[in-house]
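A structural walkthrough
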Amino acid sequence: MMAGVFPGVFPGVWGRVWGRVWVFLLVATTLAACSARIPENTHTRILLLGDSMMAANRDENAGVAAALQQHMGEPVLDRSVSGARYLGLAKLSGIGLYLPNQYRTGKWQWVVLNGGGNDLLLNCACRWCAGTLDRLISPDGSRGAVPDFVAQLRSTGAQVLYTGYLRTPGVTSPIEGCTQIGTEFETRLARMAARDEGVRFVGLTDLVPMGARSYHNIDLIHPSAKGSNAIAARLAQVMAAR
């Protein structure tokens, strides 16, 4: 995504550079996720779905699922895929790029997931997103692709943890222009969760300390191993309290 295509998301000359870097990283991680063997474990009660925030660092066994497994002391089935989306041509994918396709039938007590960020970034550049946001989730959290999928998950009897996205407080990231629409998206997710006691929204806006870079990879978009572990620790804390 170049600055000329997504003005305000990748501003200026650095925007063009970071745009190219971001596209490369997205394509590379997506291809890696598609080619990776995802272990199936029929004895686990925790299923993890989502996009690259969840899938990051998996190849090094340092992603959110691996860390959550350590914190919970039990296996976690990781079906997350980098680049996953709810809307558009992703629905034609059979490899998990369409986020609901990541689900596998099982006796899950917990389904942990995130998603929606790629739709807002890639569909509308985080700027012209009123229609995309409403298709993802309505202002009251009752309708849209996300609530529909969460309702399907809840119909299986599983509890659902819907996870927000990391921020970079005090550090300018290549997707800084997504902050405002991201905050509105997560406000709606919290409203969705409030409608069902079996759903919990887990926000991450306060997880990264001011000025800290160590929670993110060099792209300042995806979590580092430290960031993945911090996400997993917060999720485990919520799960232990339920």
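What counts, and at which threshold
Residues numbered from 1 in each chain as written. Predicted model: local features only at pLDDT ≥ 70, side-chain atom pairs only at ≥ 80, totals over all residues. Heavy atoms only, no water. Helix = DSSP H or I, 4+ residues; strand = E, 2+ residues; numbered from the N terminus. Contact = heavy atoms within 4.5 Å. Buried < 20%, exposed > 50% of the residue type's maximum accessible area, 1.4 Å probe, protein only. Expected span 1.5 Å × (residues − 1). Arc of directions from axis to C-beta. Polar contact = N/O pair within 3.5 Å; in protein donor to acceptor, adjacent residues only side chain to side chain. Disulfide = S-S within 2.5 Å. Phe/Tyr/Trp six-rings, centres within 6.5 Å; stacked < 30°, edge-to-face > 60°. Core = buried A, V, L, I, M, F, W, Y, C linked by side-chain atoms within 4.5 Å.

On a plain count of helices and strands, the protein comes out with 8 helices and 5 strands. The secondary structure elements of the protein, listed N-terminal to C-terminal, are α-β-α-α-β-β-α-α-α-β-α-β-α. In the protein, the proportion of contacts linking residues at least 24 apart, taken out of those at least 6 apart, comes to 73%.

Here we take up unusual backbone geometry. Although it is not a glycine, Ala125 adopts a positive phi angle of roughly 60°. With respect to the helices and strands, the residue Ala125 is situated in the loop between helix H4 (117–124) and helix H5 (130–136). We classify Ala125 as buried; its relative accessible area is 1%. For Leu220, which is not a glycine, the phi torsion comes out positive at approximately 60°. Position of Leu220 relative to the elements: it lies in the loop between strand S5 (199–202) and helix H8 (225–241).

Our next topic: helix H7 (residues 179–194). End to end, H7 covers 23 Å across 16 residues, agreeing with the expected 22 Å (1.5 Å per residue, within 8%). Among the residues of H7, those classed as buried are Ile181, Gly182, Phe185, Glu186, Arg188, Leu189, Met192 and Ala193. Buried residues of H7 fall within an arc of 155° about the axis and therefore sit on the same side. H7 presents Gln180 and Ala194 as exposed residues on the side facing more than 90 degrees away from its buried surface.

For the rest of this paragraph, the subject is the environment of Asn114. Tracing the chain through its elements places Asn114 in the loop between strand S3 (110–113) and H4. Once the C-alpha coordinates of Asn114 and Gly164 are considered, the two residues, 50 residues apart in sequence, prove to be 6.4 Å apart. Those residues in contact with Asn114 that sit more than four places away from it in its chain are Leu49, Gly50, Asp51, Met53, Met54, Leu99, Tyr162, Thr163 and Tyr165. Polar contacts involving the side chain of Asn114 include one to the side chain of Asp51, which spans 2.8 Å.

Here we come to the state of the cysteines. Inspection of the entire model under this criterion finds 2 disulfides. Note on cysteine connectivity: Cys124 is disulfide-linked to Cys129, with sulfurs 1.9 Å apart. Taking the sign of the S-S torsion, about 100° here, the bridge from Cys124 to Cys129 comes out right-handed. Here the two residues Cys124 and Cys129 agree in accessibility, since each one is buried. Note that Cys126 is cross-linked by a disulfide to Cys178, the S-S spacing being 2.0 Å. Across the disulfide from Cys126 to Cys178, rotation about the S-S bond amounts to roughly 80°, and the bridge is consequently right-handed. A residue pair is termed long-range when its members are at least 10 positions apart, and Cys126 in the loop between H4 and H5 and Cys178 in the loop between strand S4 (159–163) and H7 qualify at 52 residues. According to the relative accessible area criterion, Cys126 is buried, its value standing at 9%.

All right, on to helix H3 (residues 64–72) then. Those residues of H3 lying buried are Val64, Ala65, Ala67 and Leu68. Along H3, the residues classed as buried sweep out an arc of 160° about the axis, all on the same side. Buried-residue contacts for H3 involve strand S1 (46–49), helix H2 (52–55), strand S2 (77–78) and H8.

A full pass over the atoms with the stated rule returns 1 aromatic pair. Geometrically, the ring pair formed by Tyr86 and Phe149 is edge-to-face, given 6.4 Å between the ring centres and 65° between the ring planes. Here Tyr86 is found in the loop between S2 and S3, whereas its partner Phe149 is found in helix H6 (residues 145–155), with 63 residues between them in sequence.

A few words on the nonpolar core. Leu68, Tyr86, Leu113, Val146 and Phe185 are the most contacted members of the largest nonpolar core, which has 61 residues in total. Top contributing element to this core by residue count: H8, with 7 residues. Not counting residues up to four positions away in its chain, the partners in contact with Phe185 are Gly115, Gly116, Leu120, Leu133, Leu136, Ile137, Val146 and Tyr165.

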